[in-house]
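Chain by chain, the residues:
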Amino acid sequence: MDTTTASPNSLNRADVRDLLDRLHRRARGDYLKLPFKVPALAKGLLRGQTVTEIFMAGAARDLYLPVSPEQGRFLYLMARTVGARSIVEFGTSFGLSTLYLAAAVTDNGGGKVIGTELEPGKHAVATDNLRVAGFGEVAEVRLGDALQTLRDVPGPVDMVLLDGWKDLYMPVLELLKPKLRKGSVVLADNIFTFKKALRPFVEYMQSGKNGFQSTTLSIADGFEYSYYEGA
Ligand SMILES: C[S@@+](CC[C@H](N)C(=O)[O-])C[C@H]1O[C@@H](n2cnc3c(N)ncnc32)[C@H](O)[C@@H]1O
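Definitions and limits used
Residues numbered from 1 in each chain as written. Predicted model: local features only at pLDDT ≥ 70, side-chain atom pairs only at ≥ 80, totals over all residues. Heavy atoms only, no water. Helix = DSSP H or I, 4+ residues; strand = E, 2+ residues; numbered from the N terminus. Buried < 20%, exposed > 50% of the residue type's maximum accessible area, 1.4 Å probe, protein only. Pairing = 2+ DSSP bridges. Axes fitted to C-alpha atoms, helices over the stretch in contact; angles between N-to-C directions. Salt bridge = Lys/Arg side-chain N within 4 Å of Asp/Glu carboxyl O. Contact = heavy atoms within 4.5 Å. Parallel < 35°, antiparallel > 145°, perpendicular 65-115°, else oblique. Left-handed = near helix turned anticlockwise from the far one by under 90°. Nonpolar A, V, L, I, M, F, W, Y, C, P; charged D, E, K, R; others polar. Core = buried A, V, L, I, M, F, W, Y, C linked by side-chain atoms within 4.5 Å. Expected span 1.5 Å × (residues − 1). Arc of directions from axis to C-beta.

As recorded in an unreviewed UniProt entry, the protein goes by the name Class I SAM-dependent methyltransferase, listed as coming from Polyangium sorediatum.

What follows deals with unusual backbone geometry. A cis amide bond, omega -5 degrees, links Gly155 with the succeeding residue Pro156. Of note, Pro156 is situated in the loop between α7 (146–149) and β4 (157–162). A positive phi is found at Leu65, a non-glycine position, where the angle reads about 45 degrees. Along the chain, the position of Leu65 falls in the loop between α3 (51–59) and α4 (69–81). We note that Asn190 has phi near 70 degrees; this positive angle belongs to a residue other than glycine. In this fold, Asn190 is placed in the loop between β5 (180–188) and α9 (199–206). In this structure Asn190 comes out as buried when scored by relative accessible area, which is 15%.

Strand order in the open sheet formed by seven strands is β3-β2-β1-β4-β5-β7-β6, and the pairing between neighbours is mixed. Here the strands that pair on one side only, and so sit at the sheet edges, are β3 (139–143) and β6 (212–217). Shown here is a sheet whose adjacent strand axes are inclined to one another by a mean of 15 degrees, direction ignored. Bridge count for β4 against β5 is five bridges, and the pairing is parallel. Bridge pairing in β5 links Val157 to Leu180.

Per the counting criterion, the structure on display carries seven salt bridges. The salt bridge involving Arg181 is made with Asp158; its shortest N-O contact spans 2.7 Å. Here Asp158 lies in strand β4 and Arg181 lies in strand β5, a separation of 23 residues in the sequence. Here Lys166 makes a salt bridge to Asp163, at a shortest N to O gap of 3.7 Å.

The next thing to look at is the environment of Ala104. Within the element layout of this structure, Ala104 appears in helix α5 (residues 96–107). Along the backbone, Ala104 and Ala84 are 20 residues apart, and their C-alpha atoms lie at a distance of 7.7 Å. Setting aside residues no more than four positions away along its own chain, Ala104 makes contact with Tyr76, Ala79 and Arg80.

Bringing the packing of α4 against α5 into the picture now. Where α4 meets α5, the axes come as close as 8 Å, and the angle between the chain directions of the two elements is 25 degrees. On the basis of the axis angle, α4 is roughly parallel to α5. Considering only the axes of α4 and α5, their crossing is right-handed. Residue-level contacts link Pro69, Gly72, Arg73, Leu75, Tyr76, Ala79 and Arg80 of α4 to Ser97, Tyr100, Leu101, Ala103, Ala104 and Asp107 of α5. Here the contact of α4 with α5 is composed, by residue class, of eight nonpolar, two polar and three charged.

Residues Leu75, Ile87, Leu99, Phe135, Met159 and Leu187 are the most contacted members of the largest nonpolar core, which totals 36 residues. Secondary structure elements with two or more residues in this core: α1 (14–28), α4, α5, α6 (120–132), β3, β4 and β5. When residues of this core are assigned to their parent elements, the largest contribution, eight residues, is made by α5.

On to α6, then. If you check α6, its first and last C-alpha atoms are 18 Å apart, about what 13 residues at 1.5 Å a residue would give, namely 18 Å. Among all positions in α6, only Lys122, His123, Ala126, Asn129 and Leu130 are buried. For α6, the angular spread of the buried residues around the axis is 130 degrees, confining them to a single face. Opposite the packed face of α6, turned more than 90 degrees from it, sit the exposed residues Pro120 and Arg131.

Encoded structure:
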């Protein structure tokens, strides 16, 4: 994107763009590494472990698996559109999505992005990336299992990004639902790749019976885009 004539905002800042470009470039090779993870995944599944348990054992320690640049911009624009001052993210990895969200909260006048990451190495790098980009004040990445670390997030929450392991989308949503403000937005990634695993989540969101209006957007690997109408 040509940013020379773009209006000034936190996402157009040259240092932020450079950092995002560098991280997206590094992440590109991840998909080539995925086949090497299949044996660990298969072994774990045969042992009866869940995907989360397998990855908690370190199978994705080195993988970024980030949102695409297009999804990142979408996250930024959505957060700007709803004027988000409080955002919660399940699955931070090295902090790419968090950078887009933190840029939006900053441009909305400030607030808080609370991310969460299981892997200590990723947590440390994500925290550093956010600090280097100047978002150290608005973004906090909590280390540990989201079901513990997100227990005490303060409401009202304006926006949620679900991007951790897929078997936890429902429990994390249930944890955060009482904190959602009416009119908030929930975005959930990887709807296409994990179609079967995420079917109960998508059905819950799209049924119209649980306080959400929802549709699947064909952006990158599929974003479930849900609007919270209230309980
Ligand atoms: C797909 S990556 C997230 C990518 C990130 N949102 C981005 O766009 O850069 C998923 C991340 O979720 C983390 N994760 C998975 N289960 C988790 C849990 N229960 N609690 C916290 N983090 C978790 C993984 O360690 C992994 O780094």
